[in-house]
Amino acid sequence: MATNRTFTMLKPDALENGHTGKIIDMIIQAGFQIKAMKLTQLTTEQAQKFYEVHAERPFYGELVEYMTSGPIVAAILEKDNAVADFRTLIGATDPADAAEGTIRRYYAESKGRNAVHGSDSDENAAIEGEFHFSASEIVG
Ligand code: UDP
Ligand code: MG
């Protein structure tokens, strides 16, 4: 996957709270092109693997439980400087710290239930995109 791509998930709280369409609209209005998108629900094994890097953190168990609690929307997004620009668009992990105008500021419930995931590096964007999508599910 090229370095002008990032990976996102709209998390279970975003879907439960009816924010799916509004968040996707913010993403498109910010200049991201959707290259792949699906509605799915993570299994415990998938969520454990996806968040493996946090396995030793105290919130890991709760995070896996929450991420498997309902459907998510997974997507690959394209834009110049995609990873950094998307992190700016979503805002800080804790909505209390998220800048005005960011997705988490508008839609996150809490530091844990924070509406949206964004990859933190080009390398992880590629790994996470490939975790969720096969080549035939990604448009050119
Ligand atoms: N998280 C949590 N408690 C914390 C830190 C993180 O529940 O103290 C959850 C939250 O859903 C966050 C995810 O774990 O989005 C991954 O954490 P990370 O530090 O990578 O934050 P992000 O990159 O999502 O901003
Ligand atoms: Mg992270």
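Just above, that's the structure.
Predicted model only: the values in this text are computed from it and were never measured.

(A) Main features of the site of ligand 1. Near ligand 1 you find Lys11, His54, Phe59, Leu63, Arg87, Thr93, Arg104, Lys111, Gly112 and Asn114, and these make up its full shell. Lys11 is positioned such that a nitrogen or oxygen atom in its side chain is 2.9 Å from an oxygen atom of ligand 1. Take Arg87: an N or O atom from its side chain is 2.8 Å from an oxygen atom of ligand 1. Contact with the protein chains hides 81% of the accessible area of ligand 1, taken as 500 Å² for the molecule alone.

(B) Structural context of unusual backbone geometry. At Asn81, a position not held by glycine, the phi torsion is positive, near 60°. Within the fold, Asn81 resides in the loop between strand 3 (72-78) and helix 5 (82-90). Residue Ala115 is not a glycine yet carries a positive backbone phi of 70°. Among the secondary structure elements, Ala115 is positioned in the loop between helix 6 (103-107) and strand 4 (116-118).

(C) Representation of the sheet that holds strand 4 in the model. The sheet built from four strands is open, its strands ordered 2-3-1-4 with antiparallel pairing. The outermost strands of the open sheet, each flanked by one partner alone, are strand 2 (33-40) and strand 4. Taking the axes of each pair of neighbouring strands and ignoring which way they run, one obtains an average angle of 15° across the sheet. Here strand 1 (residues 5-10) pairs with strand 4 via three bridges, running antiparallel. The residue of strand 4 that forms the bridge with Leu10 is Val116. Here helix 2 (residues 20-29) sits on the sheet in contact with strand 1, strand 2 and strand 3, set at roughly 165° to strand 1. Seen against the sheet, helix 5 touches strand 1, strand 3 and strand 4 and runs at an angle of roughly 155° to strand 4.

(D) Spotlight on helix 2. Every buried residue of helix 2 is accounted for by Ile23, Ile24, Met26 and Ile27. Summarising the axial view, the buried residues of helix 2 lie within an arc of 155°, below the 170-degree limit, and thus occupy one face. What points out from helix 2, more than 90 degrees from its buried face, is the exposed set Gly21 and Gln29. On the buried face of helix 2, the contacting elements are strand 1, helix 1 (12-16), strand 2, strand 3, helix 5 and helix 6.

Thresholds, definitions, all that
- Residues numbered from 1 in each chain as written.
- Chains lettered and ligands numbered in written order.
- Predicted model: local features only at pLDDT ≥ 70, side-chain atom pairs only at ≥ 80, totals over all residues.
- Heavy atoms only, no water.
- Near = heavy atom within 4 Å.
- Polar contact = N/O pair within 3.5 Å; in protein donor to acceptor, adjacent residues only side chain to side chain.
- Areas by Shrake-Rupley, 256 points an atom, 1.4 Å probe, with all protein chains shown as cover.
- Helix = DSSP H or I, 4+ residues; strand = E, 2+ residues; numbered from the N terminus.
- Pairing = 2+ DSSP bridges.
- Axes fitted to C-alpha atoms, helices over the stretch in contact; angles between N-to-C directions.
- Contact = heavy atoms within 4.5 Å.
- Buried < 20%, exposed > 50% of the residue type's maximum accessible area, 1.4 Å probe, protein only.
- Arc of directions from axis to C-beta.

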